[in-house]
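A closer look at the structure
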Amino acid sequence: MAAAPAGAAGDRALGAYLASECTGCHQISGRSSGGIPPIIGWPEEQFVAALDAYGRKQRDGTTMQTIAARLSRDEMTALAAYFGALAAKP
């Protein structure tokens, strides 16, 4: 699998489609809930790096490790583009 070039934009529509699994735990409002951190508004490269680290079990979190390990690089960048474009709700 080839890595996306640095700064490559992900497919927001694909990210929106994939996001339902994420929003089962992470609040779309941008608020933290029960120790689960918000994931909206992150810089895309940071978001992808976090998912990649979970997928390679370099970051703790069994649920996130399992989910991230199933994602392709294109799916990671798509999710990063989608969640990165969202703004926290008051």
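Residues numbered from 1 in each chain as written. Predicted model: local features only at pLDDT ≥ 70, side-chain atom pairs only at ≥ 80, totals over all residues. Heavy atoms only, no water.

Describing the nonpolar core
- Formed by 15 residues in total, the largest nonpolar core has its most connected members in F47, L51, L79 and F83.
- When residues of this core are traced back to their parent elements, those giving at least two are α1 (12–23), α2 (44–55) and α4 (73–84).
- Those residues in contact with F83 that sit more than four places away from it in its chain are A19, C22, T23, I28, I39, I40, G41 and F47. (Core = buried A, V, L, I, M, F, W, Y, C linked by side-chain atoms within 4.5 Å. Buried < 20%, exposed > 50% of the residue type's maximum accessible area, 1.4 Å probe, protein only. Helix = DSSP H or I, 4+ residues; strand = E, 2+ residues; numbered from the N terminus. Contact = heavy atoms within 4.5 Å.)

Brief notes about the packing of aromatic side chains
- For the structure on display, the rule yields 3 aromatic pairs.
- Ring centres of W42 and F47 lie 5.7 Å apart, and the angle between their planes is 75°; on these two criteria the pair is classed as edge-to-face.
- The partly exposed category is assigned to W42, whose relative accessible area is 22%.
- Ring centres of Y82 and F83 lie 5.1 Å apart, and the angle between their planes is 70°; this geometry places the pair in the edge-to-face category.
- Residue class for F83 comes out buried when judged on its relative accessible area of 1%.
- Among the aromatic residues, those joined into a ring-pair cluster are W42, F47, Y82 and F83. (Phe/Tyr/Trp six-rings, centres within 6.5 Å; stacked < 30°, edge-to-face > 60°.)

Comments concerning the environment of D11
- Within the secondary structure, D11 sits in the segment before α1.
- C-alpha separation for the pair D11 and D74, spaced 63 residues apart in sequence, amounts to 8.0 Å.
- Reaching out from D11, the side chain makes a polar contact with the backbone nitrogen of A13 at a distance of 3.0 Å. (Polar contact = N/O pair within 3.5 Å; in protein donor to acceptor, adjacent residues only side chain to side chain.)

Structural notes on the side chain of Q65
- Structurally, the position occupied by Q65 is in helix α3 (residues 62–69).
- Given a relative accessible area of 13%, Q65 falls into the buried group.
- Excluding residues within four positions of it along the chain, Q65 makes contact with Y54, G55, K57, R59 and D60.

Here's the deal with the pattern of salt bridges
- Counted according to the given criterion, the structure contains 3 salt bridges.
- The partner of R56 in a salt bridge is D52, with the nearest N and O atoms 2.9 Å apart.
- Overall, the relative accessible area of 17% leaves D52 in the buried class.
- Of the charged contacts in the structure, one is a salt bridge between D52 and R73, with a shortest N-O distance of 3.5 Å. You can see D52 sitting in helix α2 and its partner R73 sitting in helix α4, a full 21 residues away along the chain.
- In this structure, a network of salt bridges that share partners links the residues D52, R56 and R73. (Salt bridge = Lys/Arg side-chain N within 4 Å of Asp/Glu carboxyl O.)

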